[in-house]
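# Examining the three-dimensional arrangement
What follows is the residue order along each chain.
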Amino acid sequence: MWLSLGIIFSLGTLIPGKFSWKLQYDRDQVLHIVPETFQQVQHLQLLCSTLMLDLWKPLLPEDIRAGEDLHIRVPASLVQEVKDSLDQHMISYRILIPDVQKLVDQSMPRERSSHRQVSGGYVYTEYHPMEEIYQWMTQIQKNNSELVTQHFLGKTFENRTMYYLQISQPSNKPKKIIWMDCGIHAREWISPAFCQWFVKEILQNYKSDPKISRFLQNLDLYVLPVLNIDGYIYSWEEDRLWRKNRFPYENGTCYGTDLNRNFNSSWGSVGVSFNCSSDVFCGSGPESEPETRAVAQFIKSKKSDILCYLTIHSYGQLILTPYGSTTKPPSNNEELMQVAKEAAAALTGKYGTSYRVGSTALILYNNSGSSRDWVHTIGIPLTYTFELRDTGTHGFILPANQIQPTCEETMLAVTTIIDYVDKKYFPDGAVVLTSSSLSLSLCLSIILTWTVS
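What comes next is a walk through the structure. Given the structure is predicted, the values throughout are model-derived calculations rather than measurements. (Residues numbered from 1 in each chain as written. Predicted model: local features only at pLDDT ≥ 70, side-chain atom pairs only at ≥ 80, totals over all residues. Heavy atoms only, no water.)

What follows deals with the pairing of strand E6 (residues 161–167). Most of E6 sits out of view: six of its seven residues are buried. Relative to E6, strand E5 (residues 148–155) is paired through seven bridges, and the arrangement is antiparallel. Paired with Val 148 across the two strands is Ile 167, which belongs to E6. Taking the residues between adjacent antiparallel strands as the criterion, E5 and E6 are bridged by five residues, where Asn 159 takes a positive phi near 70 degrees. (Buried < 20%, exposed > 50% of the residue type's maximum accessible area, 1.4 Å probe, protein only. Helix = DSSP H or I, 4+ residues; strand = E, 2+ residues; numbered from the N terminus. Pairing = 2+ DSSP bridges.)

With that out of the way, let us pick up the packing of aromatic side chains. Applying the stated criterion across every chain yields a total of 22 aromatic pairs. Relative to Tyr 124, the ring of Tyr 122 lies with its centre 5.0 Å away and its plane at 75 degrees, an arrangement referred to as edge-to-face. The exposure class of Tyr 124 is buried, given its relative accessible area of 16%. Of the aromatic side chains, those joined through ring pairs into one cluster are Tyr 127, Trp 189, Tyr 232 and Trp 236. If you follow Arg 240 out to its NZ or CZ, it ends over the ring of Trp 189, 3.7 Å from the centre. (Phe/Tyr/Trp six-rings, centres within 6.5 Å; stacked < 30°, edge-to-face > 60°. Lys NZ or Arg CZ within 6 Å of the ring centre and 35° of its normal.)

Here we come to the pairing of strand E12 (residues 318–321). On E12, burial covers both faces: Leu 318 and Leu 320 on one face and Ile 319 and Thr 321 on the other are all buried. Traced from E12 through helix H10 (residues 333–351) to strand E13 (residues 356–359), the parallel crossover comes out right-handed. Where E12 lies against strand E14 (residues 382–388), three bridges are found, and the strand directions are antiparallel. Along E14, the bridge assignment pairs Ile 319 with Phe 386. (Right-handed = clockwise from strand over helix to strand, strands pointing away.)

Turning to the packing of helix H5 (residues 130–143) against helix H6 (residues 190–205), a few remarks are in order. As a packed pair, H5 and H6 sit with axes 12 Å apart at the nearest point and diverge in direction by 15 degrees. As judged from the angle between their axes, H5 and H6 are roughly parallel. You can see that H5 and H6 cross each other, and the crossing is left-handed. Together, Ile 133, Trp 136 and Ile 140 of H5 and Pro 192, Gln 196, Val 199 and Leu 203 of H6 make up the contact between the two elements. Residues that form the contact of H5 with H6 fall into these classes: six nonpolar, one polar and no charged. (Axes fitted to C-alpha atoms, helices over the stretch in contact; angles between N-to-C directions. Parallel < 35°, antiparallel > 145°, perpendicular 65-115°, else oblique. Left-handed = near helix turned anticlockwise from the far one by under 90°. Contact = heavy atoms within 4.5 Å. Nonpolar A, V, L, I, M, F, W, Y, C, P; charged D, E, K, R; others polar.)

Structure below.
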């Protein structure tokens, strides 16, 4: 009897093909609350801290504000207690997600096989585990070798290789760079899905789309499909809602740093935690994590050529500008805002999806150590964070049937920004000459003049 029970138990909780346990969220609920008074805010802060509830929006109890949306995941065992407490304090709520696990199960592809083919038949309307994304990168390079190269960026804590794709039309002209990274937060699966969609769309349309054809003459696209590889794999195999990387702290009693609090921009000053169990733990110091260092070192090495930095997140339907740590606007704020508004308008034009535009500190919450802010402080002028769909109905667990519309509309926004960069720095298709290329041109002119005369 014990043997049979053991077998049934194992079959119900082990992942097929994996010798590890998977965290379940059966009957967990996500509640939407808009506190109306300071007293309600205080009670909610105390409730979230005492019961250690999982805040989805905002991420820290101290950022709960009267009149602003609050999204909390409540474990099944605490649902009734939390609802009773809210009722006692006359705090209204509604259920956004009645059963988190059901939503998790629905977002998973129907069939998973380590031997799925990615050549020709890659399905861009499904979420893919890291193994398949690695295969996709190899295949994309192989199928588009005249345009795409795959490059080593660094190693993760768990010794996995970080690769970025470079999309570059052969040219003897000096070119500038657009950088895009996805998947800095493991649970935001729509983000890597967009990076893959973006690459596909560029490669499928660069010959027929005049806008893409034009900017590829002057700009190379560098795409990092998954920045937080260890965390992303963990979100597939262990905990769907994992956010951070997998670096162990305090002798392995807690794991992970929020990589978007780990960059060297006002590090540790606001919107972070120094408790390694927190989802916004900022690490032991700026760039303490190997993934952060790999990205930072590369961007520093290319900063004179990178004109625009895009980092893709979810959720919230926002285009965020610098800064998170202060409400003081950057020197080029007017330009940043104007371009973001144009991008948001292009996005809305597809399906009517509404995006808000503004600095993180003004329209979201305060944070420090973000990649976008750091990139702007080192002199890269146009830096944006995209928070993709939705606004909370599904939150981090966006169903796969929303991948295509999300990616289609986001593509319009991103290409609007890239098109702006191209036209600003390469007016009428002209190349902005570097000092070295200018010297070369002068030398050639002298030689040609001498030859002719």
